[in-house]
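Breakdown of the fold
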Amino acid sequence: MIISEKQLSQVNDRIQALITADSFYGKKLKEAGISGARSAEDFVKLPFSEKCDLRDAYPLGLMTAPEEKIVRIHSSSGTTGKPVIIPYTRKDVDDWTIMFKRCYEMAGMNSMDRVHITPGYGLWTAGIGFQAGSELLGAMSIPMGPGNTEKQLTMMIDMGSTILCSTSSYALLLAEEIQKRGIRDKIKLRKGIIGSERWGDKMREYISSTLGIQLYDIYGLTEIYGPGIGIDCDENSGIHYWDDYLYFEVVDPVTLENLPDGELGELVITTLVKEGAPLIRYRTHDLTRILPGKCACGSPFPRIDRIMGRTDDMMKIKGVNVFPSQIEEILKEFSELSSEYQIRISHLDGRDTMRIYVETTGHHDFEELSRRITERFKSRIGFTPLVKIVEIGVLPRSEKKTRRVIDERYE
Ligand code: ZN
């Protein structure tokens, strides 16, 4: 999708703000001799920004608005090293809240909803964003935060929560718990707003059918406001994003060239009106594609496909590039398996070995099932993994992001 004249002028405005503030990226742009982008061709020549660079700006190097205009900071969880600190102005907080409200409206929520918010509060953007959007909509927020499943279920019943906001793995844990206790008839949930990690269709179907609710994928990242910059609609055919606040591109993760709409690559985001910490061409490392054409729901907002994984999750095994989404596609074909899996890659006796742990949903011949799965992998991806079958419930489920790929070659 080519950048519009209006978006281009907003980008130029942000570049000016960065340079004037002499902030971390302002200095970088100045050093690179960049003062703006006159055309779409100029725009794609602008340098990318990266999370690892953002860390170098710690603590407040990204601050681009005068300090008296900064009302809050958030921080993204770095897995290694220093965190990234993102300063927000009043307008940034308000814009984010407006985007979040739009997400809720896209999901068909209204002021009579009771919104059960399980994402965490604090330095993270999660909980507070879910709550601000819910309050702007006029719904009733129930700010649970994560953990304490017992209390979650009690409050869910007593408060008559109608909307569940959570990660997919926590929604799965709650769904399993509700089923185990046989309390579905006491639960008033009608929709789930599920964010922050990639999940397969199988898991989606299980949560949706067990709880009898409709699910929506909400998208976002702390560096770019937080969750709420996009969501899927009733058609469940991709994530609508707010192109009056953000410009999305998809690039080849290796060559960094722009890809045509419809092709799978890395999502790159430019903030159009952000004041506290504008970002130009920020590499998300999320794998998706821009979906061409209008959505059947009639919304004028453009769409990306569901997030298919991380470009960093790309595994090179025996010279073959493999994405976790391809593995999920194959496992989904087996009705004997749950939606959970774990992959361990190791280097033994001079060879890469991939072990896949999967869970059975019932009593099956483990040996025969494992043989069929192995054969399917061989024919679809081109190498032979070691398939290990375990009983249901054995693989880890967590309230935060579940780590499904463990590469022991580098640990
Ligand atoms: Zn739609």
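Look up: the structure comes first, before these words.
This write-up is about the structure you can find in this document.

What counts as what
- Residues numbered from 1 in each chain as written.
- Predicted model: local features only at pLDDT ≥ 70, side-chain atom pairs only at ≥ 80, totals over all residues.
- Heavy atoms only, no water.
- Core = buried A, V, L, I, M, F, W, Y, C linked by side-chain atoms within 4.5 Å.
- Buried < 20%, exposed > 50% of the residue type's maximum accessible area, 1.4 Å probe, protein only.
- Helix = DSSP H or I, 4+ residues; strand = E, 2+ residues; numbered from the N terminus.
- Contact = heavy atoms within 4.5 Å.
- Patch = residues over 30% accessible without salt bridge, like charges linked within 9 Å, V, L, I, M, F, W, Y side chains within 5 Å.
- Areas by Shrake-Rupley, 256 points an atom, 1.4 Å probe, with all protein chains shown as cover.
- Salt bridge = Lys/Arg side-chain N within 4 Å of Asp/Glu carboxyl O.
- Pairing = 2+ DSSP bridges.
- Axes fitted to C-alpha atoms, helices over the stretch in contact; angles between N-to-C directions.
- Parallel < 35°, antiparallel > 145°, perpendicular 65-115°, else oblique.
- Nonpolar A, V, L, I, M, F, W, Y, C, P; charged D, E, K, R; others polar.

The next subject is the nonpolar core. In terms of nonpolar packing, the biggest core is built from 67 residues, with Ile193 and Ile229 touching the most fellow members. Here this core takes seven residues from helix H5 (residues 90-106), the largest share from any one element. Those residues in contact with isoleucine 193 that lie beyond four places of it in its chain are Tyr104, Ala107, Met109, Phe130, Ile163, Leu164, Cys165, Ser166, Tyr216, Ile218 and Ile231. Val322, Ile327, Ile381 and Val405 belong to the second-largest nonpolar core, a separate cluster that totals 22 residues.

Let us look at a nonpolar patch on the surface. Taken together, Leu60, Ile73 and Leu123 make up a surface patch of nonpolar side chains, about 250 Å² in accessible area. Mapped onto the elements, leucine 123 comes out in the loop between strand S3 (114-117) and helix H6 (126-137).

On the basis of which strands lie adjacent, the open sheet formed by four strands has the order S10-S11-S12-S15 and antiparallel pairing. The two strands at the open ends of the sheet, each matched to only one other strand, are strand S10 (246-251) and strand S15 (309-310). In this structure, strand S12 (residues 282-288) lies alongside S15, joined through two bridges in antiparallel fashion. Looking at the pairing, aspartate 286 lines up with arginine 310 of S15.

On to the environment of proline 227, then. If you trace the backbone, proline 227 turns up in strand S8 (residues 226-232). Once the C-alpha coordinates of proline 227 and phenylalanine 130 are considered, the two residues, 97 residues apart in sequence, prove to be 7.9 Å apart. When sequence neighbours within four positions are dropped, the list of residues in contact with proline 227 reads Trp96, Phe100, Thr125, Ala126, Phe130, Tyr219, Gly220 and Leu221.

Pairing within the open sheet is mixed, and its four strands lie in the order S20-S19-S18-S21. The two strands at the open ends of the sheet, each matched to only one other strand, are strand S20 (386-391) and strand S21 (405-407). Averaged over all pairs of adjacent strands, the angle between their axes in this sheet comes to 15°, without regard to strand direction. Along the sheet face, helix H10 (residues 324-332) touches strand S18 (337-348), strand S19 (351-360) and S21 and points at about 130° away from the line of S18.

As a packed pair, H5 and H6 sit with axes 8 Å apart at the nearest point and diverge in direction by 70°. Judged by the inter-axis angle, H5 sits roughly perpendicular to H6. Listed contacts from H6 to Trp96, Thr97, Ile98, Phe100, Lys101, Tyr104 and Glu105 of H5 are Ile128, Gly129, Phe130, Ala132, Gly133, Ser134, Leu136 and Leu137. Within the contact of H5 with H6, the residues separate by chemical class into nine nonpolar, four polar and two charged.

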